[in-house]
Amino acid sequence: MKNWNLINKVIIVAVIAAVLVGCNKSKKTTATAASVDSTMVIKVRVATATEQMVEQTASFTTTVLPEAKNSIAPQMPGRIRKIFVEVGNHIVKGQKLVQMDAVQQDVLSTQVENLQATYDRIEQLYNVGGASKQDLDNTRVALDVAKSNLKNTSENTYLLSPLTGVVTARNYDNGDLFNGQVPVLTVMQINPVKLTINISESYLPQIKLGMTVNVTFDVLANEQFTGKIGLIYPTIDPATRTFSTDVTLPNSSGKIHPGMFGRVNVNFGKQKRVLVPDLAVVSQQGSGVKFVYIVDGNKVRYSEVQMGNRVGTQFEILSGIEDGQMVVTAGQSKLKDGAEIDIIK
């Protein structure tokens, strides 16, 4: 029995010794692996950032507006006798569009005739000493007021178009009573049309009146139109740091309609920009930050960059890298700031 207990003790001691030896080996292996990881050299491909003259273009979304829009309505409520046009009709400036009830015009016309006759009679009497200067002046004032009222009523009896364009809305029918709440007609000048865009204040020195721009529309995918800068607003919005600009676009074909969605493409000329391959730029997930790894000897340095436009297979870099510096274009997923690299030739 004693011999059996002795054997058990020997076995237990042997097992403990084996476990301790295994743990020591495991620690040594882990330490060795850590040492290898900390000194790992990562193979990468690189390219050189170069400064070039690059066309500075920008695209701005916009909605087509008419060059001018007018509401056709008399000054006072009244009965609509006749509307001469329909929605979609093309009209010219001065064309008769609506005839209102003419009862008031007839009354005022008779009044003017009577006052004119009275004035002529008093003027004859005044010339021979039969009427005073005050009588003559009072009658002339009354006649002038009546003529003004008649002119105003005439303008509001026959409503004329103030522009050449197209009828875009008709809100009444013949015989309706105009209530003054909505206009009888709406007319628009759509040749040319107008597009308003908001441009960053940094481009203000490059924008000039008469500058040519290209315009495209999603619904007219195969066509490109040419417009000109027609108005530059004199103030900058402090909230967005942009200023508004109106583009005038010829529309003799009538293809472009108010309300259409369009894109205005503006060329601001050439400027020096640093370019790098698009493969060099990495996006930081969840933040929108863009960065590159710059080669510094046999190591890399993390650098956040401000992006410009894409130029073919390259990106403009506005800040964060300088001309002549080398950037990593392959192998970034294994890198971190200060990592040692081996450049693949």
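For the structure itself, consult the block above.
Residues numbered from 1 in each chain as written. Predicted model: local features only at pLDDT ≥ 70, side-chain atom pairs only at ≥ 80, totals over all residues. Heavy atoms only, no water.

Draft legend 1. How the structure looks around the environment of V282. Among the secondary structure elements, V282 is positioned in strand 14 (residues 282–283). In contact with V282, not counting residues within four places along its chain, are V289, K290, F291 and Q332. (Helix = DSSP H or I, 4+ residues; strand = E, 2+ residues; numbered from the N terminus. Contact = heavy atoms within 4.5 Å.)

Draft legend 2. Inspection of the pattern of salt bridges at higher detail. This model, assessed by the stated rule, comprises ten salt bridges. With a shortest N-O distance of 2.8 Å, K43 and D342 are connected by a salt bridge. Of the two residues, K43 is situated in strand 1 (residues 42–48) and D342 in strand 20 (residues 341–343); the sequence distance between them amounts to 299 residues. With a relative accessible area of 33%, D342 lands in the partly exposed category. D278 is the salt-bridge partner of R310, the closest N and O atoms lying 3.0 Å from each other. Taken together, the residues span a long stretch of sequence, with R310 in strand 17 (residues 306–311) and D278 in the loop between strand 13 (261–277) and strand 14 at a distance of 32 residues. Taken together, the shared-partner salt bridges in this structure form one network comprising E86, R170 and D173. (Salt bridge = Lys/Arg side-chain N within 4 Å of Asp/Glu carboxyl O. Buried < 20%, exposed > 50% of the residue type's maximum accessible area, 1.4 Å probe, protein only.)

Draft legend 3. Highlighting the nonpolar core. Counting 26 residues, the largest nonpolar core has F217 and V266 as the members making the most contacts within it. Of all the secondary structure elements, the ones that give two or more residues to this core are strand 2 (50–72), strand 9 (185–200), strand 10 (212–217), strand 11 (220–232), strand 12 (242–249) and strand 13. A total of six residues in this core trace back to one element, the largest contributor, which is strand 9. Residues in contact with F217, not counting those within four places in the same chain, are V64, L195, F225, L249, I256, M260, F261 and G262. Core analysis: the second largest hydrophobic core is formed by 16 residues, I72, I91, L185 and V187 among them. (Core = buried A, V, L, I, M, F, W, Y, C linked by side-chain atoms within 4.5 Å.)

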